[in-house]
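Listed below are the residues making up each chain.
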Amino acid sequence: FAPEKKLGVALVGLGYYATYQLAPALEKTANCHLVGIVTGTPSKAETWKKKYNLQDKNIYNYQNFDQIANNPDIDVVYVVLPNSMHHEFTLRAAKAGKHVICEKPMAVSVKEAEEMIAACKAANVQLAIGYRLHYEPFTNEVMRLAKDKDFGKVTFVEASFGFPLRDPKAWRLNPKLSGGGPMMDVGIYALNAARYATGEEPISVTAQTVKTRPDIYLPGIEETLFWQMKFPSGAVSNHTTTYNSGLQRLYVGYENGNLEMSPAYDYGPLKGKTSKGEMNLPIVYHQVLELDGICDCIINKKPNITPGEEGLKDMKLIEAIFKAAKTGKEVKV
Ligand code: NDP
């Protein structure tokens with residue numbers, strides 16, 4: 001049942017994801033609702049104010065954001081900015097005493113991710129990363145199969161995610177804002193999938209990059225990245241992430257069967273089958289379940305299931321994968 005008071009959420013950065021996924025989700029959530037915005041674009045402030053009936057005092061820009069500390073309407077700050085801004089705004093939100101939800105990738109380096117975790121701990125606020133799939137039934141079933149071993153142990157995972165990025169001016173192609181190419185953006189889903197499909201943490205990685213358009217894909221931005229991982233049980237994984245092609249797949253090979261999902265990471269509907277047949281699972285609004293799940297943990301003072309530590313694990317692997325691609329050597333993690 002709904003709590004007595006819904007938590008107030010402020011979205012920071014009113015781009016595509018905030019506008020078309022998170023704000024509509026916040027109209028359906030039981031544990032929280034949209035009460036504030038933080039934007040660098042005054043015209044968006046006007047549009048959002050009218051559309052969501054927001055109060056002037058709950059509308060901030062990037063300069064006056066720290067005043068949010070004095071605003072009791074806002075319990076949770078949701079950082080939906082370009083990747084390299086996640087660190088700064090998570091630290092500022094924690095300092096203001098607000099719980100933080102931060103989009104993936106949580107940061108652009110391991111060092112930043114560790115500082116974000118430490119800042120939220122010091123401020124005694126929760127930090128959750130926007131890994132929406134962890135709140136969704138298909139992904140939960142993949143996790144369950146790793147745990148309950150219906151088909152035996154996992155021996156092999158193939159997980160890949162790419163899309164054709166057509167806008168050469170996108171911040172995603174500016175290494176200062178993105179911290180990397182498709183790996184940071186969508187490859188992280190495939191990486192995270194290998195971890196939840198095996199229920200294990202990789203012990204080593206190898207990687208290769210291919211660049212055909214160095215005029216668009218500047219140094220620091222890979223175009224297509226292939227990588228492989230070894231797991232303690234002996235399972236291995238193979239991955240592709242690219243800005244060159246639409247590709248979205250998760251294959252898990254078990255001792256006595258397999259699972260195949262495509263699409264595996266979209267907002268839905270997701271689709272998949274196992275050796276036993278179609279995965280007949282409910283189609284849900286990922287962001288509603290994610291927001292309600294995280295806010296339930298904040299309300300009831302319990303740890304959330306996608307904490308900063310989960311984001312940090314992916315950041316450590318991404319750094320290892322970039323190092324492996326650069327050196328051509330297997331990197332132990
Ligand atoms: P957009 O480019 O659509 O939006 C980013 C917003 O950030 C802008 O609209 C702008 O908002 C603000 N901003 C502030 N400074 C800058 C700057 N220098 N350059 C560009 N934008 C700036 O990005 P997305 O919404 O697609 O992605 C935002 C984050 O969300 C990323 O970290 C991404 O990885 C993540 N994401 C997660 C998804 C998921 O499924 N979990 C899906 C899509 C994205 P304003 O005008 O209000 O200042």
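Everything that follows concerns the structure shown earlier in this document.
Now for a look at the structure at hand. (Residues numbered from 1 in each chain as written. Predicted model: local features only at pLDDT ≥ 70, side-chain atom pairs only at ≥ 80, totals over all residues. Heavy atoms only, no water.)

1. With respect to the overall build of the chain
Inference 1: Secondary structure assignment for the chain yields nine helices and 15 strands.
Inference 2: Computed over its C-alpha atoms, the radius of gyration of the chain comes to 20 Å, within 12% of the 20 Å expected for a compact globule of 333 residues.
Inference 3: The dimensions of the chain, computed from C-alpha atoms along their principal axes, are 55 × 50 × 35 Å.
Inference 4: Sequence-distant contacts, at least 24 apart, represent 68% of the contacts inside the chain between residues at least 6 apart.
Inference 5: Per element, the accessible surface of the chain, about 14,700 Å² overall, is 54% carbon and sulfur.
Inference 6: Measuring between centres, the 39 positive side-chain charges of the chain sit 2 Å from its 36 negative side-chain charges. (Helix = DSSP H or I, 4+ residues; strand = E, 2+ residues; numbered from the N terminus. Rg over C-alpha atoms; globule rule 2.2 N^0.38 Å. Contact = heavy atoms within 4.5 Å. Areas by Shrake-Rupley, 256 points an atom, 1.4 Å probe, with all protein chains shown as cover. Lys, Arg positive; Asp, Glu negative; His and termini not counted. Charge placed at Lys NZ, Arg CZ, Asp CG, Glu CD.)

2. Structural notes on the site of the ligand
Inference 1: The environment of the ligand is formed by 26 residues, the closest being T39, T41, K44, Y62 and W171.
Inference 2: Within the contact set of the ligand, an oxygen atom lies 3.0 Å away from a side-chain nitrogen or oxygen of R172.
Inference 3: Within the contact set of the ligand, an oxygen atom lies 2.9 Å away from a side-chain nitrogen or oxygen of Y189.
Inference 4: Here the ligand, which alone exposes 890 Å², has 82% of that area covered by the protein.
Inference 5: In a pocket analysis with a 2 Å cut-off to the grid points, the ligand is assigned to the largest pocket.
Inference 6: Each of domain 1 (7-131 + 288-302) and domain 2 (137-282 + 314-332) accounts for three or more of the residues forming the shell around the ligand. (Near = heavy atom within 4 Å. Polar contact = N/O pair within 3.5 Å; in protein donor to acceptor, adjacent residues only side chain to side chain. 1 Å grid on protein atoms, 1.4 Å probe; cavity = no way out; pocket = protein on both sides within 12 Å on 5 of 7 lines; lining within 4 Å. Sits in = over half its atoms within 2 Å of the grid points. Domains from an automatic or database assignment.)

3. Side note on helix α8 (residues 286-299)
Inference 1: Helix length check: α8 (14 residues) gives 20 Å between terminal C-alpha atoms against 20 Å at 1.5 Å per residue, within 8%.
Inference 2: In terms of burial, α8 is largely enclosed, as 10 of its 14 residues are buried.
Inference 3: Of all the residues in α8, the buried ones are H286, Q287, V288, E290, L291, D292, I294, C295, C297 and I298.
Inference 4: Buried positions along α8 lie against β1 (7-12), α1 (16-25), β2 (32-38), β4 (76-79), β5 (99-102) and β6 (127-129).
Inference 5: With its phi angle positive at about 50 degrees, K301 sits one or two positions after the end of α8. (Expected span 1.5 Å × (residues − 1). Buried < 20%, exposed > 50% of the residue type's maximum accessible area, 1.4 Å probe, protein only.)

4. A closer look at the packing of aromatic side chains
Inference 1: By the definition in use, this model includes 12 aromatic pairs.
Inference 2: Taking the centre distance of 5.5 Å and the plane angle of 45 degrees together, the rings of F151 and Y254 count as tilted. Taken together, the residues F151 in the loop between α5 (137-148) and β7 (154-162) and Y254 in strand β11 (residues 247-254) connect sequence positions 103 residues apart.
Inference 3: With a centroid separation of 6.4 Å and an interplanar angle of 55 degrees, the aromatic rings of F156 and Y251 are classed as tilted. Linking F156 in strand β7 with Y251 in strand β11, this pair joins segments that are 95 residues apart in sequence.
Inference 4: We classify Y251 as partly exposed; its relative accessible area is 22%. (Phe/Tyr/Trp six-rings, centres within 6.5 Å; stacked < 30°, edge-to-face > 60°.)

5. Let's talk about the nonpolar core
Inference 1: Within the largest apolar cluster, 72 residues are counted, with the highest numbers of intra-cluster contacts made by M106, L127, W227, L250, L259, M261 and Y265.
Inference 2: Considering each element in turn, this core owes the most residues, 11 residues, to helix α7 (residues 182-198).
Inference 3: Taken domain by domain, the makeup of this core includes at least three residues from each of domain 1 (7-131 + 288-302) and domain 2 (137-282 + 314-332).
Inference 4: The contact partners of L259, leaving out residues within four places of it in the chain, are V142, L145, L250, Y251, V252, Y254, K273, T274 and M279.
Inference 5: The next biggest cluster of nonpolar side chains, apart from the first, holds 29 residues, and it includes L11, Y17, I101 and Y135. (Core = buried A, V, L, I, M, F, W, Y, C linked by side-chain atoms within 4.5 Å.)

6. Considering α7
Inference 1: In a regular helix each residue adds 1.5 Å, so 17 residues correspond to 24 Å; α7 covers 23 Å between its end C-alpha atoms and thus fits that length.
Inference 2: I188 marks the point of greatest bend in α7, at about 50 degrees.
Inference 3: Within α7, 17 of the 17 residues are buried, leaving the element largely enclosed by the surrounding structure.
Inference 4: Count one or two residues on from α7 and you reach G199, which has phi positive near 70 degrees. (Bend = angle between axes of the 7 residues up to and from the residue.)

7. Structural notes on the pattern of salt bridges
Inference 1: Under the criterion given, the structure shown has 24 salt bridges.
Inference 2: For R144, the salt bridge identified is with D150, shortest N-O distance 2.7 Å.
Inference 3: We classify R144 as partly exposed; its relative accessible area is 29%.
Inference 4: Note that D296 and K302 form a salt bridge whose closest N and O atoms lie 3.0 Å from each other. (Salt bridge = Lys/Arg side-chain N within 4 Å of Asp/Glu carboxyl O.)

8. Section: the pairing of β7
Inference 1: Both β7 and β11 contribute to a ladder of eight bridges, which runs antiparallel. When the bridges of β11 are listed, F156 appears paired with G253.
Inference 2: Two elements, β7 and strand β10 (residues 236-242), share seven bridges in a ladder whose sense is parallel. Within β10, the position partnered with F161 by the bridge is T241. (Pairing = 2+ DSSP bridges.)

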